[in-house]
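Results of the structural survey
Single-letter residue listing:
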Amino acid sequence: MHFNIANLHIARAVDALRSGGLVAFPTETVYGLGADASNAEAVKKVFAAKGRPSDHPLIVHIASAAQMAHWARDIPPAAHALARKFWPGPLTLILKRAAHVSDAVTGGQDTVALRVPAHPLAQALLTAFGGGLVGPSANRFGHVSATTAGHVRTEFGDAIDDVIDGGACEVGIESTIVDVSGAAPALLRPGQITAAAIEAALGAPLAAPNARSPRAPGMLEKHYAPRTPLMLVETDVIDELTRSFVRQGQRVAVLARDARQPLLANLTWIAAPGTPDGFAHDLYANLRQLDAAGCDVIVVEEPPFTIEWAAVRDRLARAAAGARHTA
Ligand code: TXA
Ligand code: MG
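As a starting point, this report considers the structure included with it. Since the model is a prediction, treat every value here as computed from it, not as a measurement.

Brief notes about the environment of Val-178
- Considering the arrangement of structural elements, one finds Val-178 in strand β9 (residues 176-179).
- Residue Val-178 is classed as buried on the basis of its relative accessible area of 0%.
- Along the primary structure Val-178 and Ile-75 are separated by 103 residues, whereas in three dimensions their C-alpha atoms are 13 Å apart.
- Beyond its immediate sequence surroundings of up to four residues, Val-178 is in contact with Leu-82, Leu-91, Thr-92, Leu-93, Ile-94, Pro-185, Ala-186, Leu-187, Ile-198 and Leu-206.

With respect to the sheet that holds strand β14 (residues 297-301)
- On the basis of which strands lie adjacent, the open sheet formed by four strands has the order β11-β14-β12-β13 and parallel pairing. In this open sheet, the two edge strands, each paired with only one partner strand, are β11 (230-233) and β13 (267-271). The mean angle between the axes of side-by-side strands here comes to 20°, regardless of whether they run parallel or antiparallel.
- Of the pairings in the sheet, the one linking β11 to β14 comprises four bridges and is parallel in character. Following the sheet pairing, Met-231 is matched in β14 by Val-299.
- Sitting on the sheet, helix α9 (residues 238-247) is in contact with β11, β12 (252-256), β13 and β14, with an inclination near 170° to β14.
- Taken strand by strand, helix α10 (residues 276-292) contacts β11, β12, β13 and β14, and its axis lies near 175° from that of β12.

Description of the environment of Arg-84
- Within the secondary structure layout, Arg-84 lies in helix α4 (residues 77-86).
- Between the alpha carbons of Arg-84 and Ala-65 there is a distance of 8.0 Å; along the sequence they are 19 residues apart.

Quick word on the packing of aromatic side chains
- Overall, the coordinates contain two aromatic pairs when judged by the stated rule.
- Each ring, one from Tyr-224 and one from Tyr-284, has its centre 6.1 Å from the other, and the planes form 20°; the classification is stacked. Of this pair, Tyr-224 sits in the loop between α8 (195-202) and β11 while Tyr-284 sits in helix α10; the two residues are 60 residues apart in sequence, bridging distant segments of the chain. Here Tyr-224 matches Tyr-284 in class, with each residue buried.
- Aromatic pair Phe-279 and Trp-309: ring centres 5.5 Å apart, planes at 70°, arrangement edge-to-face. Separated by 30 residues along the polypeptide, Phe-279 in helix α10 and Trp-309 in the loop between β14 and α11 (310-320) bring together distant segments of the chain.
- With a relative accessible area of 2%, Phe-279 lands in the buried category.
- Judged by relative accessible area, which is 5%, Trp-309 ranks as buried.
- In this structure, Arg-257 is placed above the aromatic ring of Trp-309, and the distance from its NZ or CZ to the ring centre is 5.4 Å.
- Its guanidinium or amino end placed over the ring of Tyr-224, Arg-315 lies 5.4 Å from that ring's centre, counting from NZ or CZ.

Digging into the nonpolar core
- Formed by 46 residues in total, the largest nonpolar core has its most connected members in Leu-33, Val-60, Leu-91, Leu-93, Leu-114, Val-134 and Val-152.
- Put simply, the parts of the chain that give this core at least two residues each are β2 (32-36), α2 (40-50), α3 (68-71), α4, β5 (91-97), α5 (103-106), β6 (111-115) and α7 (149-156).
- Ranked by the residues each element gives to this core, the list is headed by α2, at five residues.
- Residues Tyr-224, Leu-230, Cys-295 and Ala-311 belong to the second largest nonpolar core, which totals 25 residues.

Considerations on the pattern of salt bridges
- Under the counting rule described, the total for this entry stands at 15 salt bridges.
- Put simply, Lys-44 and Glu-41 hold a salt bridge, and the shortest N to O gap is 3.6 Å. Residue Lys-44 and its partner Glu-41 are both found in helix α2; the two are separated by three residues, about one turn of the helix.
- In this structure, Arg-260 and Asp-258 form a salt bridge, with 2.9 Å as the shortest nitrogen-oxygen distance.
- Taking the relative accessible area as the measure of exposure, Asp-258 reaches 27% and is therefore partly exposed.
- Within this structure, Glu-174, Asp-314, Arg-315 and Arg-318 form a network of salt bridges that share partners.

Quick notes on the packing of α4 against α8
- Following both chains from N to C, one finds α4 and α8 inclined at 115°, their axes separated by 9 Å at the closest point. For α4 against α8, the interelement crossing comes out right-handed. Contact with α4, carried on its side by Ala-78, Ala-81, Leu-82, Lys-85 and Phe-86, involves Ala-197, Ile-198, Ala-201 and Leu-202 of α8 and no other residues of that element.
- Of the residues belonging to the contact of α4 with α8, the class tally is eight nonpolar, no polar and one charged.

Regarding α7
- Within α7, the full set of buried residues consists of Ala-149, His-151, Val-152, Glu-155 and Phe-156. Each buried residue of α7 lies within a common arc of 155° when the element is viewed along its axis, so the set occupies one face.
- Packing partners of the buried residues in α7 comprise β1 (23-25), β2, α2, β8 (162-163) and α10.
- A positive backbone phi angle near 50° is found at Gly-157, which sits one or two residues after α7.

Rules of the game
Residues numbered from 1 in each chain as written. Chains lettered and ligands numbered in written order. Predicted model: local features only at pLDDT ≥ 70, side-chain atom pairs only at ≥ 80, totals over all residues. Heavy atoms only, no water. Helix = DSSP H or I, 4+ residues; strand = E, 2+ residues; numbered from the N terminus. Buried < 20%, exposed > 50% of the residue type's maximum accessible area, 1.4 Å probe, protein only. Contact = heavy atoms within 4.5 Å. Pairing = 2+ DSSP bridges. Axes fitted to C-alpha atoms, helices over the stretch in contact; angles between N-to-C directions. Phe/Tyr/Trp six-rings, centres within 6.5 Å; stacked < 30°, edge-to-face > 60°. Lys NZ or Arg CZ within 6 Å of the ring centre and 35° of its normal. Core = buried A, V, L, I, M, F, W, Y, C linked by side-chain atoms within 4.5 Å. Salt bridge = Lys/Arg side-chain N within 4 Å of Asp/Glu carboxyl O. Left-handed = near helix turned anticlockwise from the far one by under 90°. Nonpolar A, V, L, I, M, F, W, Y, C, P; charged D, E, K, R; others polar. Arc of directions from axis to C-beta.

Here it is in structure tokens:
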């Protein structure tokens, strides 16, 4: 190991993790709130810091697919195929858990979520640490995920031991989650790796999650949400709706793929990238910025109904869920 600043920071972070501390780290998707996955007390601190219900299981991050067999049992060929194709990278696999994996990690389920992140600092941290790190998105429960070290500090301040700064996350939204613990692989959370790409790697169609699929509680309710109520609005009516809100004296924040904003007072307008990957990259930073603008409502232009936009659509739908009740 070279003794440069980054390595010294990694060594300090490993010390904190070994003593049961919380260290946020960058991944290519979003920042994770790391703790030793083998230390149930440390894992409990993660739930406390996030304000997350204890039955919401955590992803265990590992340095390489070689560690899969330590955390999981009965690993099917489909899991190996997906790991070979997409790890390291933005894919999480749900597998049957090994006997030693604690209920604190899995929320009492018989399955465990595993991911090998590609970010060089996540890789350096996991390699130096040696074991597995739980890593939920580094945000308070239900709130917008963090894609910069600054976002993490805004969320947690001094409530965590350390933040490793890896700049802005490349992907910007959370990993694709595929359940390979049941009879047929099923998509539990869409992400940058699309359902079509997973099916191509499997050489078989994905099943729809069913009643016997493992629960992914983060998928069921309001999530990824700014504090300002957020509405998803069709492209054609953005302009008219914005004008009518402003006429009623409301301050409006808009996230649209169109840079041509109406000339109105009390309007904050962010022009988002027009590609799904570009939109995802900026999504959480944009939502945070619009939230901070102090408006009465955030209006987001609905993305196209194509498979490439599925992950972005999913996050926006959850950010909008329940907005009517929080106004
Ligand atoms: O990209 C990501 O996946 C980021 C980075 C930091 O790796 N992590 C992340 O973690 O998004 P989190 O905890 O915010 O979301 C994990 C999701 C939750 O919806 C959880 O319910 C689900 O994964 N999950 C975890 N373990 C599971 C299991 N055994 N069965 C089903 N779902 C599980
Ligand atoms: Mg999360």
